Amino acid sequence: MTIALALLCWNGKVVAPGIVGGVLLLWFSGVLAWAYADGDHGRHALQRASNVAFGWGDGF
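Residues numbered from 1 in each chain as written. Predicted model: local features only at pLDDT ≥ 70, side-chain atom pairs only at ≥ 80, totals over all residues. Heavy atoms only, no water.

1. Here's the deal with the nonpolar core
The tendency in soluble globular proteins is for nonpolar side chains to be buried as a group.
Here is step 1 of the chain: Of all hydrophobic cores here, the largest spans 5 residues; its members are Phe28, Val31, Ala49, Val52 and Ala53.
Here is step 2 of the chain: Looking at this core, the elements with two or more residues in it are helix H2 (15-37) and helix H3 (42-54).
Here is step 3 of the chain: Top element by residues in this core is H3. It accounts for 3 residues. (Core = buried A, V, L, I, M, F, W, Y, C linked by side-chain atoms within 4.5 Å. Buried < 20%, exposed > 50% of the residue type's maximum accessible area, 1.4 Å probe, protein only. Helix = DSSP H or I, 4+ residues; strand = E, 2+ residues; numbered from the N terminus.)

This is the structure in structure tokens:
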């Protein structure tokens, strides 16, 4: 994700990285809210949300 955003910025596209970053932030915020509502709190909720949102792993 970081490389894709850096390439978009390097090519002079200003709006695209903002849109992509905003979508990723919205996705992570939703997953974090889901993890918190599921009973996880603190660091464990952040780790689980990160794994589900960006690791595409067995967080469910």
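There's plenty left to go through after this.
2. Overview of the side chain of aspartate 40
Here is step 1 of the chain: For aspartate 40, the location among the structural elements is in the loop between H2 and H3.
Here is step 2 of the chain: There is a polar contact of 3.1 Å between the side chain of aspartate 40 and the side chain of histidine 44.
Here is step 3 of the chain: Excluding residues within four positions of it along the chain, aspartate 40 makes contact with Ala35, Ala45 and Arg48. (Polar contact = N/O pair within 3.5 Å; in protein donor to acceptor, adjacent residues only side chain to side chain. Contact = heavy atoms within 4.5 Å.)

3. A word on the packing of aromatic side chains
Here is step 1 of the chain: As enumerated under the stated definition, the model contains 1 aromatic pair in all.
Here is step 2 of the chain: Consider the rings of phenylalanine 28 and phenylalanine 54, whose centres lie 5.8 Å apart with planes at 15°: the pair is stacked. Here the residue phenylalanine 28 occupies a position in helix H2, and phenylalanine 54 occupies one in helix H3, the gap between them amounting to 26 residues. (Phe/Tyr/Trp six-rings, centres within 6.5 Å; stacked < 30°, edge-to-face > 60°.)

4. Quick notes on the pattern of salt bridges
Here is step 1 of the chain: For the structure on display, the rule yields 2 salt bridges.
Here is step 2 of the chain: One salt bridge in this structure joins arginine 48 and aspartate 38, with 2.9 Å as the shortest N-O distance. A residue pair is termed long-range when its members are at least 10 positions apart, and arginine 48 in helix H3 and aspartate 38 in the loop between H2 and H3 qualify at 10 residues.
Here is step 3 of the chain: What makes aspartate 38 partly exposed here is its relative accessible area of 44%.
Here is step 4 of the chain: A salt bridge links arginine 48 to aspartate 40; the nearest nitrogen and oxygen atoms lie 2.6 Å apart. In this structure, arginine 48 and aspartate 40 share a single accessibility class: buried.
Here is step 5 of the chain: One network of salt bridges, in which partners are shared, links Asp38, Asp40 and Arg48. (Salt bridge = Lys/Arg side-chain N within 4 Å of Asp/Glu carboxyl O.)

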